[in-house]
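What follows is the residue order along each chain.
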Amino acid sequence: MKRITAWRRRPWAGYAVVLAALAAIAGIYAGFSPQTDRAEAANNTQAAADLKNGQQLFNKNCGSCHGRNGEGTKDAKGNSLAPSLLGVGAASVDFQVATGRMPAMNPGAQMPRKEPIPEFNTEIKTDYHDPEKRAQAEKQKAQAEKNLADLRAYVASMGGGPAVPTKEQVGDPQKGDAALGGKLFRTNCAQCHNFTGQGGALTGGKYAPPLSKSDVTPTQIYEAMLTGPQAMPVFNDTTLTEKDKQAIIAYIVQSREEPNPGGNGLGRIGPVSEGLAGWLIGMGLLVLAAMWITAKKPKKLKKS
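Please read these numbers as outputs of a predicted model, since none were measured by experiment.

### Notes on the packing of helix 9 (residues 218–227) against helix 10 (residues 242–256)
For the pair helix 9 and helix 10, interaxial distance at closest approach is 10 Å and the crossing angle is 135°. In terms of axis orientation, helix 9 runs oblique to helix 10. Crossing hand, helix 9 versus helix 10: right-handed. Packed against helix 9, whose contacting residues are Pro 218, Ile 221, Tyr 222, Met 225 and Leu 226, the element helix 10 presents Glu 242, Lys 245, Ile 248, Ile 249, Ile 252, Val 253 and Arg 256 at the interface. Tallied by class, residues from the contact of helix 9 with helix 10 come to 9 nonpolar, no polar and 3 charged.

Here is the structure:
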């Protein structure tokens, strides 16, 4: 004990303790850092491979119109043929490609919704009874989801932009404030989409697509408000907050489930269709009734 106490009183004892502690920390770090470095290297390698796949998909399906660098293209007169994708973000890519609007087969005033091409079709049928068919469909769907994610990441790497909204951002439409959503929808959306979301015609061959169909998902509605596709304006968080967007989505989804107390909804496009149906059917019945009442009855034959 006296030897230890004497050793501790020497001038270099403190330096020896510090060196021993540093050596111990270095040993512990050396034991764990290789695994961390290997994991980071594997993640970086995978991210680079995903980005490369996204670039190949972009060059194959998008680059001919939007340019190899996403800068957009113009005709000889300087008119835009395809817009720039710099800064549009992953949300815009997800909306346009997942709904089949892009890649565009026949460019026009507005790209209609259609079934996505097989490379990006994430809604393919997988509930086959045959195990082999089911496994093949699930594999194809998983590859389509990966392709779409890689394409989103590649376009986002060009210049950032809005990301794909999370489930927390979109919220649960069944639990949202549909009353608030109805007010906001009638104020900001009904002029084009109709107050029940049936869509409507716009100028220049464009139109507001219907929102009443179940294939229009809450995520796609959120992405449309976030990115403003085609003729639609952008509703960023300063215009419509995240809570406002959730309320609008709740109104749209819940209005699909509302019954039609009068019978046939007639497209739910308002008093125009209802008045037209009432006029044609009502007046038609009145005309037929008048014709029946005023029709001449044949005279009875006299008995000889």
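### Considerations on the nonpolar core
Nonpolar side chains tend to gather and get buried jointly when the protein is soluble and globular. Counting residues in each nonpolar core, the largest one holds 19 residues, and the members touching the most others are Phe 185, Ile 221, Met 225, Leu 240, Ile 248, Ile 249 and Ile 252. Elements supplying a minimum of two residues to this core: helix 7 (178–188), helix 9 and helix 10. Looking at which element gives the most residues to this core, the answer is helix 10, with 5 residues. Counting 12 residues, the second largest nonpolar core, distinct from the first, contains Leu 85, Leu 148, Leu 151 and Tyr 154.

### Points about empty space enclosed by the protein
Applying the stated rule across the entire model yields 1 cavity of 30 Å³ or more. The calculated volume of the largest cavity comes to roughly 30 Å³. Considering the residues around the largest cavity, the lining is formed by Phe 185, Thr 196, Gly 197, Leu 211, Ser 212, Tyr 251, Ile 252 and Ser 255. Ranked by residues supplied to the lining of the largest cavity, first place goes to helix 10 with 3 residues. Here the lining of the largest cavity is built from residues that sort into 4 nonpolar, 4 polar and no charged.

### Here we look at helix 5 (residues 131–159)
If you check helix 5, its first and last C-alpha atoms are 43 Å apart, about what 29 residues at 1.5 Å a residue would give, namely 42 Å. Inspection of helix 5 places Ala 137, Ala 144, Asn 147, Leu 148, Asp 150, Leu 151, Arg 152, Tyr 154 and Val 155 among the buried residues, and these make up the whole buried set. Measuring from the side-chain oxygen of the N-cap residue of helix 5 to the backbone nitrogen of Glu 132 gives 3.2 Å; that N-cap residue is Asp 130. Looking one or two residues beyond helix 5, the residue adopting positive phi is Gly 160, at roughly 70°.

### A look at the layout of surface pockets
Taken as a whole, the largest pocket encloses approximately 800 Å³ of empty space. What lines the largest pocket is a set of 34 residues, among which His 66, Pro 83, Leu 85, Met 102 and Met 111 lie closest to the centre. Within the residue set of the lining of the largest pocket, elements represented by two or more residues are helix 3 (63–66), strand 2 (80–82), helix 4 (89–98) and helix 5. With 4 residues, the top contributor of residues to the lining of the largest pocket is helix 4.

### Comments concerning unusual backbone geometry
Cis geometry marks the peptide bond from Met 102 to Pro 103; its omega dihedral reads 0°. As for its position among the elements, Pro 103 is in the loop between helix 4 and helix 5. Its identity as a non-glycine residue notwithstanding, Asn 194 has a phi of 75°, on the positive side. Relative to the elements of secondary structure, Asn 194 occurs in the loop between helix 8 (190–193) and strand 3 (200–201). Judged by its relative accessible area of 15%, Asn 194 is buried.

### Here we look at the packing of helix 7 against helix 10
Their axes nearest at 7 Å, the elements helix 7 and helix 10 cross at an angle of 95°. Taken together, the axes of helix 7 and helix 10 lie roughly perpendicular to each other. Residues Ala 178, Leu 180, Gly 181, Gly 182, Leu 184, Phe 185 and Arg 186 of helix 7 form the contact with helix 10, whose participating residues are Asp 244, Ala 247, Ile 248, Ala 250, Tyr 251, Ile 252 and Gln 254. Considered class by class, the residues forming the contact of helix 7 with helix 10 number 9 nonpolar, 3 polar and 2 charged.

### Focus on the packing of aromatic side chains
In total, this model carries 2 aromatic pairs according to the counting rule given. With a centroid separation of 5.5 Å and an interplanar angle of 55°, the aromatic rings of Phe 58 and Tyr 154 are classed as tilted. Of this pair, Phe 58 sits in helix 2 (residues 13–61) while Tyr 154 sits in helix 5, and the two are 96 residues apart along the sequence. The class of Tyr 154 is buried, set by a relative accessible area of 11%.

Conventions adopted
Residues numbered from 1 in each chain as written. Predicted model: local features only at pLDDT ≥ 70, side-chain atom pairs only at ≥ 80, totals over all residues. Heavy atoms only, no water. Axes fitted to C-alpha atoms, helices over the stretch in contact; angles between N-to-C directions. Helix = DSSP H or I, 4+ residues; strand = E, 2+ residues; numbered from the N terminus. Parallel < 35°, antiparallel > 145°, perpendicular 65-115°, else oblique. Left-handed = near helix turned anticlockwise from the far one by under 90°. Contact = heavy atoms within 4.5 Å. Nonpolar A, V, L, I, M, F, W, Y, C, P; charged D, E, K, R; others polar. Core = buried A, V, L, I, M, F, W, Y, C linked by side-chain atoms within 4.5 Å. Buried < 20%, exposed > 50% of the residue type's maximum accessible area, 1.4 Å probe, protein only. 1 Å grid on protein atoms, 1.4 Å probe; cavity = no way out; pocket = protein on both sides within 12 Å on 5 of 7 lines; lining within 4 Å. Points joined across faces, edges and corners; volume = space filled by probe spheres on them. Expected span 1.5 Å × (residues − 1). Polar contact = N/O pair within 3.5 Å; in protein donor to acceptor, adjacent residues only side chain to side chain. Phe/Tyr/Trp six-rings, centres within 6.5 Å; stacked < 30°, edge-to-face > 60°.

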